[in-house]
Amino acid sequence: HKELTKKKTKVQVIKKRVLGIGLKIALFFLLLLFFTTVIISIPAIQTRIINRLSDSVFEKINHNVDLEYINIRWFDTILIRGLLVYDTENEKMIEVDQLILDFKLRQLITESSINFDKAILHGASVNMLKNGPDGIFNLNFFIDEIKDKLIKKKPRKDPRVFITDKIILTESRFHMYRDDKEIITHRFDQYHFTLQDLDANLLDFALEPGIIDFNVTELQCVDSATGLDVKYLKTKFKYTRQSMVFQ
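Computed from a predicted structure; not experimentally measured.

S.K.: How do you make sense of the side chain of Ser 125 when you look at a structure like this?
M.R.: The residue Ser 125 is located in strand S4 (residues 113-129) in this model. Taking relative accessible area as the criterion, Ser 125 reaches 10% and is therefore assigned buried. At a separation of 2.8 Å, a polar atom in the side chain of Ser 125 contacts the side chain of Arg 173.

What follows is the structure, given as structure tokens:
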């Protein structure tokens, strides 16, 4: 009986030691996860990580990107400041002073789409220049490069669509310049223009390979060359490589 009791005691001691070691290991990983989450939640760390990732991604498509600040507020909001994308000629193509993205984590990525509830862009600027390879627009080439080099080419019935329910633009700017067309001075020049003080509400924004589609419910802007002041514009916009259509 004494030997049996000793064996049971040893087994209990071993079990306690194993349990103690297991609890310490579990506690270690929980603390590691906690501190990692805390560190990653610091905006400066997020900015450094995103800049590293974006540099490696954009190198594949021959574009450079700068990001001044990012704050991923877990599970519902992303705040970005100082976003700048250069085209292949190192010209500023897309510039955003501040971007706020609202989303629901469960609905962010689905089989058919990437979904955001709302995007607010303040101080956004787009320079659409016809300086891409083979004489195409820089924005066209940028979208083509993303489609060809970043999107995995797996057989799908329908391509995944990037969707934003509502986009708000404030104090923004759109510039187009075609060096293959002569400049028109006596009227609005559809090949060379800059729309300033651009404020707009866009609904049902959809981006899929080669197509941008959205509804404009309110738009205000000023053409810098003619002084044309657009007080209110409502339209449906569709952009492809072949056309830019307002309906």
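Structure shown, so let's carry the discussion forward.
S.K.: Hey, could you run me through unusual backbone geometry in this one?
M.R.: Phi is mostly negative for residues that are not glycine, and the peptide bonds are mostly trans. With phi around 65°, Asn 90 is a residue other than glycine that occupies positive phi space. Tracing the chain through its elements places Asn 90 in the loop between strand S2 (77-86) and strand S3 (92-102).

S.K.: Help me out: how do you make sense of the packing of aromatic side chains in this one?
M.R.: As enumerated under the stated definition, the model contains 7 aromatic pairs in all. With a centroid separation of 6.4 Å and an interplanar angle of 85°, the aromatic rings of Phe 162 and Phe 205 are classed as edge-to-face. A residue pair is termed long-range when its members are at least 10 positions apart, and Phe 162 in strand S5 (residues 161-177) and Phe 205 in strand S6 (residues 192-208) qualify at 43 residues. Assessed through its relative accessible area of 26%, Phe 162 is described here as partly exposed. Between Phe 188 and Phe 193 the ring centres are 5.3 Å apart and the planes differ by 40°, which places this aromatic pair in the tilted class.

S.K.: What's the story with the environment of Phe 116 in this structure? I'm lost.
M.R.: For Phe 116, the location among the structural elements is in strand S4. Spatially, the C-alpha atoms of Phe 116 and Asp 165 are 6.6 Å apart, while their sequence positions differ by 49 residues.

S.K.: What is the right way to look at the pattern of salt bridges in this model?
M.R.: For side chains of opposite charge, pairing can occur when their charged atoms come near one another. Under the definition given, this model contains 5 salt bridges. Between Asp 117 and Lys 104 there is a salt bridge; the shortest N-O distance is 3.1 Å. Here Lys 104 lies in the loop between S3 and helix H3 (105-108) and Asp 117 lies in strand S4, a separation of 13 residues in the sequence. Given a relative accessible area of 45%, Lys 104 falls into the partly exposed group. With its nearest N and O atoms 3.0 Å apart, the salt bridge here joins Asp 229 to Lys 231.

What counts as what
- By convention here, each chain's residues receive numbers from 1 onward along its written sequence.
- Local features in this predicted model are restricted to residues whose pLDDT is 70 or higher, and side-chain atom pairs enter the listing and the counts only when it is 80 or higher, whereas totals over whole chains, interfaces and linings include all residues.
- Based on all heavy atoms of the structure, the side-chain values leave hydrogens and waters out of the count.
- Helix and strand definitions here come from DSSP, where helices need a minimum of 4 consecutive H or I residues and strands a minimum of 2 consecutive E residues; each element is numbered from the N-terminal end.
- Per-residue accessibility, obtained with a 1.4 Å probe over protein chains only, is compared with the maximum for each type, and a residue is labelled buried under 20%, exposed over 50%, and partly exposed between these values.
- Throughout this description, a polar contact denotes any pair of N or O atoms lying within 3.5 Å of each other; where both atoms belong to protein, one of them has to be capable of donating a hydrogen while the other can accept it, and for residues adjacent in sequence the pair is counted only when both atoms sit in side chains.
- Two aromatic rings, drawn from Phe, Tyr or Trp (for Trp, its six-membered ring), form a pair once their centres lie within 6.5 Å of each other, and the interplanar angle then sorts them: stacked below 30 degrees, edge-to-face above 60, tilted otherwise.
- Think of a salt bridge as a Lys or Arg side-chain nitrogen and an Asp or Glu carboxyl oxygen that are within 4 Å of each other.

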